[in-house]
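# A closer look at the structure
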Amino acid sequence: DECGSYSDGMTDKQIKVHPYYVRSVIMIDASEWRTLNQKFKALKDKYHIPQDREFKWAYLWLLSKANYASNDEKLNYFRRQGNIVQYRSFVEESIKLLCELSFKKIILTFSVNDGEHHKESSLLKFHFQDILQRIEMELQAEDNLAVLFIDPVSGEKDKQLRELYYCLVNDGDFMGHLQTS
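Keep in mind that this is a model prediction, so the values were computed, not measured. (Residues numbered from 1 in each chain as written. Predicted model: local features only at pLDDT ≥ 70, side-chain atom pairs only at ≥ 80, totals over all residues. Heavy atoms only, no water.)

### Some details on the environment of V91
Under the convention used in this document: For helices the rule is a DSSP run of H or I covering at least 4 residues; for strands it is a run of E covering at least 2, with both sets numbered from the N terminus onward. Throughout, a contact is declared for two residues whenever any of their heavy atoms are within 4.5 Å.
In this fold, V91 is placed in helix α5 (residues 84-99). For the pair formed by V91 and K56, sequence separation is 35 residues and the distance between their alpha carbons is 9.0 Å. In this structure, V91 is in contact with F55, W57 and L60, ignoring residues within four places of it in sequence.

### Points about the packing of aromatic side chains
Going by this rule: The aromatic pairing rule takes the rings of Phe, Tyr and Trp, using the six-membered ring of Trp, and pairs them if the centres are within 6.5 Å, calling planes under 30 degrees apart stacked, those over 60 edge-to-face and the rest tilted. Think of it in three bands: with a 1.4 Å probe and only protein chains considered, a residue is buried below 20% of the maximum accessible area for its type, exposed above 50%, and partly exposed in between.
Following the criterion strictly, the structure yields ten aromatic pairs and no others. Pairing Y47 with F90 gives two aromatic rings, centres 5.9 Å apart and planes at 70 degrees, and the pair type is edge-to-face. Remark: F90 occurs in helix α5 and Y47 occurs in the loop between α2 (33-46) and α3 (57-64); sequence separation between them is 43 residues. Given a relative accessible area of 10%, Y47 falls into the buried group. Since its relative accessible area comes to 3%, F90 is described here as buried. Considering the side-chain rings of Y77 and F78, the 5.2 Å spacing of their centres and the 85 degrees angle between planes classify their relative orientation as edge-to-face. On the basis of relative accessibility, which here comes to 13%, the residue Y77 falls in the buried class.

Shown next, in the form of structure tokens:
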């Protein structure tokens, strides 16, 4: 998943709104995926969040701002349907589900949008290469398998991320544990 924003040649105003760009990965044991997924779906039912809707972490902050006006229909749906206390509890209980897992690793990559202009593709490559190297370190321990799920962002960005992954795995500095399918 990602938080923040980055694009080539960000203005000072854009940097103020998005001072950081963060990508995150949660690694879990495949045998626990189904149970985790079932418990998460049960939490969504408990808090009356439709299964086809994603409640984003950033919504907590935005919903806490009483006068915050937004054209984001996804955010406004949650504003109409519930309250900040309900959604805070949902997020807390969701995170607690990870504590129940026997194996979990959280990988974060972090960039400061400091006004230095880097090509967006170079920044994404840095983040993905770091993530893939950390995943590969975990795969070395045994005969393991990693499956990456990447949240959709937009058609263009999704295509860019798939191509980046393909190039890094096929042409990068990896030891053979990573493959494309």
